[in-house]
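Here is what each chain is made of, one letter per residue.
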Amino acid sequence: MFQELQKTIHYHFAQVKLLEVALTHSSFANEQGGGMPHNERLEFLGDAALELCISQELFTRFPHTREGELTRMRAKLVSQPSLASLAVETGLVRHLLLGKGEEGQGGRERPSLLSDAMEALLGAVFCDGGYGAVQSVVRTIFADKWPVKEETERVKDCKSLLQELTQRLFKERPVYALLGSYGPEHAKVFTVQVALPDGRIFQSEGPSMKRAEQFVACKALEQLLLETSEHAGAG
């Protein structure tokens, strides 16, 4: 039952009844006499689980981004249009159990209904497999939805600024090296070091080698700028 949907989200329910409830709209339950469970309670749970999963993922992916920007990223990802689109992309929309009246009024195309159903699905995953299962499903269905870069000019400029500063101070450029990476393919973390011409080494991590280089450049740049300002003050 619902094998296609389970395959798409890369999660197979131990308790398939939970999935059926997640796909049951109140209009369908009411037409069956009112005693049938529907997805509103699961929607409540899924909403909270989704927000936590998205928050954790963004926190990990963007270690240098401020709270306000992370909040804006999260709001876009968990918005009604975003979740409604996912309901269509995953095929969830085809499995919804709607009452005849709701069906006739175009409920299967109503963004609020689709968004609620997606949250209910995640609530069902939480009940069936716990937080780790929801986290895995969220990473799967949002795989191509994550922001691709941090909107932080400081991060964008650190590498070039560090090169200018080291050439001015030491007449040489910094040298970057990839130390390794870890994590699943869709969420790898890269560890990079930069060696300054004076022999000092700094390390940092990031969701790509390029971003890790920028982050470690920021760390080295901050230290050099601090030292140069102290020397200037002492002089």
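It should be emphasised that the depicted structure is a prediction, and the values quoted were computed from it without experimental measurement.

Caption draft 1: Structural detail: the packing of aromatic side chains. Under the definition given, this model contains two aromatic pairs. Ring geometry for Tyr-11 versus Phe-13: centroids 5.1 Å apart, planes at 85°, classification edge-to-face. Accessibility classification places Tyr-11 together with Phe-13 in one group, the buried group. Ring centres 5.8 Å apart and planes at 40° place the aromatic pair Phe-142 and Trp-146 in the tilted group. The residues Phe-142 and Trp-146 share a single accessibility class, namely buried. Sitting over the face of the ring of Tyr-176, Lys-159 holds its NZ or CZ atom 4.7 Å from the ring centroid.

Caption draft 2: Representation of the pattern of salt bridges within the structure. Applying the stated criterion across every chain, the model contains twelve salt bridges. One salt bridge connects Glu-57 with Arg-139, and the closest N-O pair in it is separated by 2.8 Å. Note that Glu-57 is positioned in helix H4 (residues 40–61) and Arg-139 in helix H10 (residues 131–141), a separation of 82 residues in sequence. When its relative accessible area of 5% is taken as the criterion, Glu-57 is described as buried. Two residues, Glu-213 and Lys-159, come together in a salt bridge whose shortest N-O distance is 2.5 Å. Of this pair, Glu-213 sits in helix H12 (residues 209–234) while Lys-159 sits in helix H11 (residues 153–170), and the two are 54 residues apart along the sequence. The network of salt bridges with shared partners includes Glu-57, Arg-61 and Arg-139.

Caption draft 3: Spatial organisation of the nonpolar core. Membership of the largest hydrophobic core comes to 44 residues, with the highest contact counts inside it found for Leu-92, Val-138 and Phe-142. When contributions to this core are tallied by element, the ones reaching two or more residues are helix H2 (16–22), H4, helix H5 (67–77), helix H6 (80–89), helix H7 (92–95), helix H9 (111–129) and H10. Examining the composition of this core, we find that nine residues originate from one element, H9, more than from any other. If near-sequence neighbours (up to four positions away) are discounted, Val-138 is found in contact with Leu-50, Cys-53, Ile-54, Leu-122 and Trp-146. Counting 16 residues, the second largest nonpolar core, distinct from the first, contains Val-192, Ala-212, Val-216 and Ala-217.

Caption draft 4: Looking closely at the packing of H4 against H5. With their axes 10 Å apart at the nearest point, H4 and H5 run at an angle of 135° to one another. Classified by the angle their axes make, H4 and H5 are oblique. Regarding H4 and H5, the two cross each other, and that crossing is right-handed. Facing Glu-51, Ile-54, Ser-55 and Leu-58 of H4, the residues of H5 in contact are Leu-70, Met-73, Arg-74 and Leu-77. Looking at the contact of H4 with H5, its residues break down into five nonpolar, one polar and two charged.

Caption draft 5: Seen up close, the packing of H4 against H9. Direction vectors running N to C along H4 and H9 enclose 80°, while the axes themselves pass 6 Å from each other. Overall, the two elements H4 and H9 adopt an arrangement that is roughly perpendicular. Taking contact as the criterion, the partners of Leu-42, Glu-43, Leu-45, Gly-46, Asp-47, Ala-49 and Leu-50 in H4 are, on H9, Asp-116, Glu-119, Ala-120, Leu-122, Gly-123, Ala-124, Phe-126 and Cys-127. Residues of the contact of H4 with H9, tallied by class, amount to nine nonpolar, two polar and four charged.

Cut-offs applied
- Residues numbered from 1 in each chain as written.
- Predicted model: local features only at pLDDT ≥ 70, side-chain atom pairs only at ≥ 80, totals over all residues.
- Heavy atoms only, no water.
- Phe/Tyr/Trp six-rings, centres within 6.5 Å; stacked < 30°, edge-to-face > 60°.
- Buried < 20%, exposed > 50% of the residue type's maximum accessible area, 1.4 Å probe, protein only.
- Lys NZ or Arg CZ within 6 Å of the ring centre and 35° of its normal.
- Salt bridge = Lys/Arg side-chain N within 4 Å of Asp/Glu carboxyl O.
- Helix = DSSP H or I, 4+ residues; strand = E, 2+ residues; numbered from the N terminus.
- Core = buried A, V, L, I, M, F, W, Y, C linked by side-chain atoms within 4.5 Å.
- Contact = heavy atoms within 4.5 Å.
- Axes fitted to C-alpha atoms, helices over the stretch in contact; angles between N-to-C directions.
- Parallel < 35°, antiparallel > 145°, perpendicular 65-115°, else oblique.
- Left-handed = near helix turned anticlockwise from the far one by under 90°.
- Nonpolar A, V, L, I, M, F, W, Y, C, P; charged D, E, K, R; others polar.

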